[in-house]
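Understanding the architecture of this molecule
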Amino acid sequence: MRDDYTSELGHGLKWAYLLGIVGALLAPVFYVIYISFNEFGFGARIYVFTVDWYRVVLGDKMLVASLEWTIYLALAAVATAVPMGLLSAKLYKKTRYKVAIVTLMLAPLFVPADIMASSLLVFFRHLNGIFELIGEALGWAWLTHWFELGFFTALVGQILYTLPYAFVVILITMSRYHPQQTEAARSCGATAWQAFWHVEFPQIRAGVFSACAFVVILSFNEATRTALLKGGFDTFSNVLVSQMLNVGMSEESYAMAGIMSIGAMTVIGSILIYTLVRSERLEREARAKAEPVMST
Amino acid sequence: MSAQPDTAVEVDGLSKNYGPVAALSSVSFSIESGQYFVLLGPSGGGKTTLLRLIGGFIRPSRGRVLLHGRDVGDEPPNRRPTSMVFQSYALFPHMSVERNVAYGLKLRKMAAPEIGRRVARMLELVGLAGYEARMPHELSGGQQQRVQLARSLVLESDILLLDEPLASLDAKLRKDMCLELKHIQEKVGITFIHVTHNQEEAMTIADRIAIIADGRLVEEGTARDVYERPRRRFTAEFIGDNNLLHGTVSAIAAEPGGRVKVDLGYAEVAVDATVAEGTDVAAGDAVSLSVRSELVELVAPGGAEDGARQTVPATYLEEVYLGLTTSHLVRLPDGSEVAVRRISEGGDAAPPAPGQEVRIGWKTPSARLHVE
């Protein structure tokens, strides 16, 4: 925001600083993408553009399978963590115990990923043991494999990781919503669900969709929790990390990193562009209509 | 349609507690169909709580709400024959004016042409025809409140609840909207229950006024009743510009139509027994007298002292010009101040000098007696 007394130089320097910081942070990402399109990979003296490494990655059954697992995990996390985040944000708005809700919701952020993952691993192992004992005692075989490591346990880890972010993103959008509008809708004859769906949701939709995008990106970003909790499948990040640890960065690794970076930037960029274009359009429409309004 | 009982709203022993705090304590009253009923009182007195209990937005801790004779205690807002206009922020910002007004009708699955007709008629009624495509943020505060009104009225609910609907408007707009509300209510003929802390607003529109303070119903009556004949001391203090004088009952006339005498400490004044009717007082009781400032006058030196008028000594303090009226402030011997209000006229005689000893007086029936 500028005012008439802001110095042109100072204003320019602030923008230069901001762009410099963002550029410095993103430079390595763009460099990795740049290398991923080089036929001769990292460190080569010559640069020949190719998409072959991407073809190799997408032709590798194990990598494609890991990509599929990651997508399933991300979708399941979206389907679970986003509604939970939404409900928690609604509870936060209503309750008197706001500090308690925020503390509970954000607590997982303050536990290091390794600690959280190993704790969950131990917890699930013990829980599995307890269920096996109960199953054996009662003769109920169907109880015995509930908490074996697999998709479900990886999903729990993923939910614990992504829920705080979903909660915060939705809460920020919800803070601008006035609950009188829900009451007004009820007063017009709407049920609680209709009031939410017709009146509240359209106003917090941006936050909910942002939370979905965030959870998807976080799911692609996560390696530690899934590595310990996943059981018999691999996610894209797990494969990438294990490749880097075992054989170092290969041309395929660069292509995998490129896929993830391009995917994430496309999602975030699309949301940003859509939001900016929409807000610009609404403002233009409002200006066009507002001209003849007379105060009464 | 079957004939509805005359009583639109009956509130019976209604209480609402939030933990140890009593927001509303055992309030009972009834409102006739087609009345413009105003809940008036200071902020935090429980008016909005009472309105929200009637609308079904909160559950009572005790007591009942009957709408047209039906106990609606367990019914949510969408199943009550009420609709509500809120103080502010209640228009749906992502919907145009037309969609806002049509919302309730769409929920009722009414045919689109009929919805269009009703919305157009209602926007015409509130003076917003031609504004259908506007978004709420493109409207002024007054226009937004009219859209809210149209959105509620179009539902043809039997009872309209208005929660300080004019509070966010400037003084001029509030005055205009007040009259418009009254005219609209007369046109549609449904029951309006209007919450406000503004007594001028209440007097302008109300058929009946209920004074609510500290979670209790203080007094109820027509605008004229509560202004001219307040039964409770709180009402006298809250409504109009009343002067309060404190004293003890010194004598009560035995004969019917006699007078109650009150010793103010520096003078003894009489109050008509008819004024004290219903007030259970005995000699020695501490009481208050209220006299509206426009009924008090500065008594000219040597002015007639007769039984029809009560006078007390005072010291003149100052004149305050208020435009339409001019207030003359005097101090009584017990230190309390009294205002004497007059219509400002060009040829007003010069007021007494500050510090000058004067007498003030009022016609005996003008004073009201209140038990402490």
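Residue and element names in this part refer to chain A. Taken as a whole and judged by the stated rule, the model has 28 aromatic pairs over all chains. Measuring from ring centre to ring centre gives 6.3 Å for Tyr31 and Tyr34, while their planes differ by 25°; the resulting arrangement is stacked. Here Tyr31 and its partner Tyr34 are both found in helix 1 (residues 8-36), 3 residues apart, which amounts to about one turn of the helix. When its relative accessible area of 44% is taken as the criterion, Tyr31 is described as partly exposed. With 5.5 Å between their ring centres and 35° between their planes, Tyr165 and Phe214 make a pair best called tilted. Taken as a pair, Tyr165 in helix 6 (residues 151-174) and Phe214 in helix 8 (residues 192-221) lie far apart in primary sequence, 49 residues in all.

A word on the sheet that holds strand 6 (residues 82-85) of chain B. Residues and elements named next belong to chain B. Taken together, the 6 strands give an open sheet; going across it, the order is 6-7-8-3-9-10, and neighbouring strands pair in mixed fashion. At either margin of the open sheet sits one strand with a lone partner, and together these are strand 6 and strand 10 (216-221). On average, each strand axis in the sheet is inclined to that of its neighbour by 20°, with strand direction left out of account. Where strand 6 lies against strand 7 (residues 159-163), 4 bridges are found, and the strand directions are parallel. Across the sheet, Ser83 pairs through a bridge with Leu160, a residue of strand 7. Across the sheet, helix 4 (residues 141-153) is in contact with strand 6, strand 7 and strand 8 (191-196); its angle to strand 6 comes to roughly 175°. In the packing of helix 5 (residues 171-188) onto the sheet, the strands contacted are strand 3 (36-40), strand 7 and strand 8, and the crossing angle to strand 8 comes to about 160°.

Attention shifts here to the interface of chain A and chain B. Facing 25 residues of chain A, the contacting portion of chain B comprises 32 residues. When chain A packs against chain B, close to 2400 Å² is buried across both sides, 58% of that on carbon and sulfur atoms. Taken together, the connections running from chain A to chain B amount to 1 salt bridge. Between A:Glu183 and B:Arg52 there is a salt bridge whose closest N-O contact spans 2.6 Å. The interface formed by chain A and chain B includes 5 residue pairs in polar contact (both at pLDDT 80 or more). For the side of chain A that touches chain B, the leading source of residues is helix 7 (residues 180-187) of chain A, giving 7 residues. Looking at side-chain class alone, the side of chain A that touches chain B contains 11 nonpolar, 11 polar and 3 charged residues.

By secondary structure assignment, the location of B:Asn243 is in strand 11 (residues 242-252). Dropping the residues within four chain positions of it, B:Asn243 is found in contact with B:Leu289, B:Ser290, B:Val291, B:Arg292, B:Ser293, B:Val296, B:Glu337, B:Val338 and B:Ala339.

Residues and elements named next belong to chain A. Examined at the domain level, chain A breaks down into domain 1 (8-50) and domain 2 (58-275). Taking only C-alpha atoms, the centre of domain 1 and the centre of domain 2 are 30 Å apart. Contact with domain 1, which involves 10 residues of that partner, is made by 8 residues of domain 2. A buried area of about 690 Å², summed over both sides, lies between domain 1 and domain 2, and 82% of it is on carbon and sulfur atoms. Three residues stand out in domain 1 for area buried against domain 2, namely Val32, Ile33 and Ser36, and they jointly supply 50% of the buried area on that side.

Calculation rules
- Residues numbered from 1 in each chain as written.
- Chains lettered and ligands numbered in written order.
- Predicted model: local features only at pLDDT ≥ 70, side-chain atom pairs only at ≥ 80, totals over all residues.
- Heavy atoms only, no water.
- Phe/Tyr/Trp six-rings, centres within 6.5 Å; stacked < 30°, edge-to-face > 60°.
- Helix = DSSP H or I, 4+ residues; strand = E, 2+ residues; numbered from the N terminus.
- Buried < 20%, exposed > 50% of the residue type's maximum accessible area, 1.4 Å probe, protein only.
- Pairing = 2+ DSSP bridges.
- Axes fitted to C-alpha atoms, helices over the stretch in contact; angles between N-to-C directions.
- Contact = heavy atoms within 4.5 Å.
- Buried area = accessible area lost by both parts, 1.4 Å probe.
- Salt bridge = Lys/Arg side-chain N within 4 Å of Asp/Glu carboxyl O.
- Polar contact = N/O pair within 3.5 Å; in protein donor to acceptor, adjacent residues only side chain to side chain.
- Nonpolar A, V, L, I, M, F, W, Y, C, P; charged D, E, K, R; others polar.
- Domains from an automatic or database assignment.

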